[in-house]
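Chain residues, written in single-letter form:
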Amino acid sequence: MSLPDDSYTSEDHDVFTISGRTCIEEGDSAQVLSIVLDEKNQEIVRCMGWNLLPPLIQVLMNKDSEKLSQCLAIFNHLLQTCRPKELLIGLLEQLEQDDPVAIAESLHLLLKPLQRVLLCLGSRKASSLGMTLCSVLDQLAKLPLPHTKEQEEDDVFSLCRCCNDITDFIKPFVQEARQNLQNREGNIQRTDRVGWELGRDKEDELGTELLKFCMKTLSHTLLEAQLKDPDTLPESPLRDFATDILTSLSAVGESLPSLVFQPLLRRRQVPGFLEEEVRYPKESLACLAHLLFVHHLAADAFPSVFSPVFALRCNMEHVYLLLSRTEESRIQKGLELYEKSLVRVEDGSLPADLLEIRSFLTVPQNLVKVMTLCTRHDLRTRGLKVLQLSIDKLNTEAKYNFFQYMLKTSSHSGVEGYVIKNIKNQIDAALQPGNSNSWFEGAQLLPLLRKVLVLPDGPETDLLQYLDRIMESLNLLRYLVIRDKVTENQTGIWTELYKIEDTFLKPLRVGVNMSRAHYERELHDTLATKRGKVKAESMLSVSVGKEKLPNMTSESQIQALHSALHTFDMIESVLVRIEELTEVKDNL
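Counting restarts for each chain: residues are numbered from 1 in the order of the written sequence. Restriction of local features to residues with pLDDT of at least 70 applies here, the model being predicted, together with a cutoff of 80 or more for giving and counting side-chain atom pairs; totals for whole chains, interfaces and linings are based on all residues. By convention in this description, side-chain values take in all heavy atoms of the structure and omit both hydrogens and water.

Draft legend 1. Examining the overall build of the chain more closely. The helix and strand tally for the chain stands at 27 helices and two strands. Residue burial in the chain is summarised as follows: out of 588 residues, 49% are buried. Sequence separation of 24 or more characterises 74% of the internal contacts of the chain that already satisfy a separation of 6 or more. In the form shown here, the chain has an accessible surface area of approximately 28800 Å², with 51% of it arising from carbon and sulfur atoms. For the purposes of this entry, the term helix denotes a DSSP run of H or I that reaches at least four residues, the term strand denotes a run of E that reaches at least two, and both are numbered from the N terminus. Each residue gets one of three labels from its accessible area relative to the maximum for its type: buried under 20%, exposed over 50%, partly exposed in between, using a 1.4 Å probe on protein chains only. Two residues form a contact once any of their heavy atoms are found within 4.5 Å. Accessibility throughout is a Shrake-Rupley quantity obtained with a 1.4 Å probe, and a residue counts as covered only by protein chains that appear here.

Draft legend 2. Molecular detail of helix 2 (residues 29-37). Of the positions making up helix 2, those classed as buried are S29, V32, L33, I35 and V36. Buried residues of helix 2, viewed axially, fall in a sector of 165°; they line one side. Relevant arc is that of directions from the helix axis to the C-beta atoms, nothing else.

Draft legend 3. Seen up close, the nonpolar core. Ranked by internal contacts, the top residues of the largest apolar core, which has 177 residues, are L218, L246, I427, L474, L477 and L508. Not counting the four nearest positions on each side in its chain, L474 is found in contact with F504, L505, L508, I571, V574, L575 and I578. Residues belong to a common nonpolar core when they are buried Ala, Val, Leu, Ile, Met, Phe, Trp, Tyr or Cys residues joined through side-chain atoms within 4.5 Å.

Draft legend 4. The arrangement of the pattern of salt bridges in detail. The rule for a salt bridge is simple: a side-chain nitrogen of Lys or Arg has to be within 4 Å of a carboxyl oxygen of Asp or Glu. Per the counting criterion, the structure on display carries 27 salt bridges. For E209, the salt bridge is made with K212, and the minimal N-O distance between the two is 3.3 Å. Placement of the pair is E209 and K212 together in helix 11 (residues 193-219), with a separation of three residues, close to one helical turn. The salt bridge partner of E579 is R509, with a shortest N-O separation of 3.4 Å. Of this pair, E579 sits in helix 27 (residues 554-586) while R509 sits in helix 26 (residues 493-531), and the two are 70 residues apart along the sequence. Using a relative accessible area of 29% as the deciding quantity, one classes E579 as partly exposed. A relative accessible area of 22% places R509 in the partly exposed class. When salt bridges that share partners are traced, they join R509, R516, D569, E572 and E579 into one network.

Draft legend 5. Seen up close, the environment of K408. Relative to the assigned elements, K408 resides in helix 22 (residues 396-409). Look at K408 and you get exposed, because its relative accessible area is 71%. Put simply, K408 and K451 are 43 residues apart on the chain and 8.5 Å apart in space, counted from C-alpha to C-alpha.

Draft legend 6. The arrangement of the packing of aromatic side chains in detail. The rule is short: rings of Phe, Tyr and Trp, with Trp giving its six-membered ring, pair when the centres are within 6.5 Å, and they are stacked under 30 degrees, edge-to-face over 60, tilted in between. The tally for this structure, following the rule as stated, stands at nine aromatic pairs. Each ring, one from F306 and one from F310, has its centre 5.7 Å from the other, and the planes form 15°; the classification is stacked. Here F306 falls in the partly exposed class, since its relative accessible area comes to 24%. A ring pair is formed by F403 and F440, whose centres lie 6.1 Å apart and whose planes are at 65°; its orientation type is edge-to-face. Of this pair, F403 sits in helix 22 while F440 sits in the loop between helix 23 (413-430) and helix 24 (445-452); the two residues are 37 residues apart in sequence, bridging distant segments of the chain. The residues F403 and F440 share a single accessibility class, namely buried. These aromatic residues form a ring-pair network of at least three members: Y400, F402, F403, W439 and F440. Whether a charge sits over a ring comes down to the Lys NZ or Arg CZ being within 6 Å of the ring centre and within 35 degrees of the ring normal. For the cation-ring pair, R358 lies above Y320, with the distance from its terminal atom to the ring centre recorded as 5.0 Å. In this structure, K424 packs its charged tip against the face of Y479, placed 5.0 Å from the ring centre.

Draft legend 7. Representation of the packing of helix 17 (residues 282-293) against helix 18 (residues 308-324) within the structure. To define axes, lines are fitted to C-alpha atoms, for helices over the stretch in contact only, and angles between the resulting N-to-C directions are given on a 0 to 180 degree scale. At a closest axis distance of 9 Å, the pairing of helix 17 and helix 18 adopts a crossing angle of 125°. Judged by the inter-axis angle, helix 17 sits oblique to helix 18. When you trace helix 17 past helix 18, the crossing you get is left-handed. Judged by residue contacts, K282, E283, L285, A286, A289 and F293 of helix 17 engage A311, N315, H318, L321 and L322 from helix 18. We call two directions roughly parallel when the angle between them is under 35 degrees, roughly antiparallel when it is over 145, roughly perpendicular when it lies between 65 and 115, and oblique otherwise. Helix crossings fall into two classes, left-handed where the near helix is turned counterclockwise from the far one by less than a right angle and right-handed where it is turned clockwise.

Draft legend 8. A look at the environment of P351. Within the secondary structure, P351 sits in the loop between helix 19 (328-343) and helix 20 (359-373). For P351, a relative accessible area of 31% puts it in the partly exposed group. In this structure, the C-alpha to C-alpha distance between P351 and A398, residues 47 residues apart in sequence, is 5.9 Å. If we ignore the near neighbours within four places in the chain, the residues touching P351 are N395 and A398.

Draft legend 9. Quick peek at the side chain of T217. On the secondary structure map, T217 appears in helix 11. For T217, a relative accessible area of 0% gives the class buried. Not counting chain neighbours up to four residues away, the residues in contact with T217 comprise L137, L222, F241 and I245.

Draft legend 10. Layout of unusual backbone geometry. Of note, the phi angle at D155 is positive, near 50°, even though the residue is not glycine. Residue position: D155 is located in the loop between helix 9 (149-154) and helix 10 (159-187). At N489, a residue that is not glycine, the phi angle is positive and equals roughly 50°. For N489, the location among the structural elements is in the loop between helix 25 (467-483) and helix 26.

Draft legend 11. View of the confidence of the model for the chain. The pLDDT averaged across the chain works out to 88; a share of 88% of its residues lies at or above 70. Per-residue confidence from the predictor is given as pLDDT, running between 0 and 100. For residues 1-6, every residue scores under 50 in pLDDT, and the model assigns this stretch 12 contacts once sequence neighbours within four places are set aside. Taken as a whole, residues 194-200 scores under 50 in pLDDT and shows five contacts with residues more than four places along the chain or in a different chain.

Draft legend 12. How the structure looks around the state of the cysteines. By convention in this document, the label disulfide applies to cysteine sulfur atom pairs within 2.5 Å. Applying the stated criterion across every chain, the model contains zero disulfides. Cysteine C82 is unpaired, with the sulfur of C47 as its nearest cysteine sulfur at 8.9 Å.

Draft legend 13. The arrangement of helix 23 in detail. A helix is expected to span 1.5 Å multiplied by its residue count minus one. Between its first and last C-alpha atoms helix 23 spans 26 Å; for 18 residues at 1.5 Å apiece the expected length is 26 Å, and the two agree. Taken residue by residue, helix 23 has S413, V415, E416, G417, V419, I420, N422, I423, Q426, I427 and A430 as its buried positions.

Draft legend 14. Up close: the packing of helix 6 (residues 84-95) against helix 8 (residues 126-140). Between helix 6 and helix 8, whose axes approach to 10 Å, the crossing angle comes to 10°. The orientation of helix 6 relative to helix 8 falls into the category roughly parallel. Residues L88, L92 and L95 of helix 6 form the contact with helix 8, whose participating residues are S128, M131, T132, S135, V136 and Q139. Classifying every residue of the contact of helix 6 with helix 8 gives five nonpolar, four polar and no charged. Ten residues, namely Ala, Val, Leu, Ile, Met, Phe, Trp, Tyr, Cys and Pro, are considered nonpolar, four, namely Asp, Glu, Lys and Arg, are considered charged, and the remaining ones, Gly among them, are considered polar.

Right under this line is the structure:
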């Protein structure tokens, strides 16, 4: 059967499209195949054949039709005959799916045909490739990520297969971009500079679209994914995909070291239609740094000539960005990158002037948020570990300045207590024979001690809220009066003691007495209520200061009040011990 080859009307096109689709949907694909193969129909097939794609692709995705081979033959003939731009539109429309299974199947089925169509566009393919890659990544983002070793091995969500398909899809375009780059570099010496610059932007379009694809992959799929180490998963499709993305970046002329160190080096002016921050998104660069320093991907493209301190300085901007986010995947990557960057630095080597760089102060602030607000216990614990590691890398002057900064800005009793414990450790190290330093003993130490040995709100300080800070401050003071002899006074504590009594010990004594009296009264009232069996409400509420304790049973309230009173006894016992020590030494 053949169709008339005279001029076609819109009605003819509608008849062809509707009839063809209906035949395919009803299983009569043999008749459609004969029509599209008929030599006399090639013009209308070339013009309108792409409209047959929806039912064809549906059959090919289902795979269970008896007419599968006939539909595949029609599909292949359309790819060979139809105009590339119309085929591209039709294929991209069929790529859009919502169900994860359908997404994975459509990507697997359509990426090779899309590659074939794009290659037919020749030098005009850059913008079409960019549109295709954008659609592909939007579909990939809908697939769940594997979180466990077993999920990645079994590819339960088909994401790994899709990543392999995408890698195969971009290969010829990456190779072409690499060849274009090599040709341009070779032509620089043989052509005038002006003529070379005029042709450069157009030649760079393909590389620019591939760069946008790589950057989007880094800031979405790879930033969300948690790659497994080779020891855990020797064969990792996701790790291979990440390596391919880094290789593609190098192929289009991007230097991986320059990308990672961009915050410090500041990149050269790049010609083209993309502004720098759009061309190199910060989250993409942070993910790149994580892949290089934590997973050591593309190590052969990254020279080891950079000093550990230089690498740390550059990575601090990436760490700050990652720890500023609330998503756990980004927080984890930020902690891992910070830890890996610090491990290579020698203990006690970072100078104080580094703290003049903004990120060296903002990153610890973000660590505090992770340690105090993150819902995952393992990330809170790791945040504390990394904070201690960062302290260990500072020299004595830097530690001194850092402790002052943290006491001023942390606004969290537990963190302040941890800082005070570190101060005690530094003083203890300075008092060891041969370890004397000017920052943690003598006159230089006193300003720091004045920031430690003080109650934030005087006698009215909430002792339970500030318990960690108060107990570490008391422990530090007790250590000083025991360790530092009156006759030596290396820390200056004995000449400062009368001020400490006025600003810290006496207000704390008053605060303990006030708090104990308040809680004893609350305990008395709660016990009286329980004995009187007043049950107007089954749940009671107790006020502590200006805050109400959460509703709880009377037994729970009594237990909480007893616990608070025990805390006040503990504070008082250390206070008494310090008073005894100072009185004895005063009498010497």
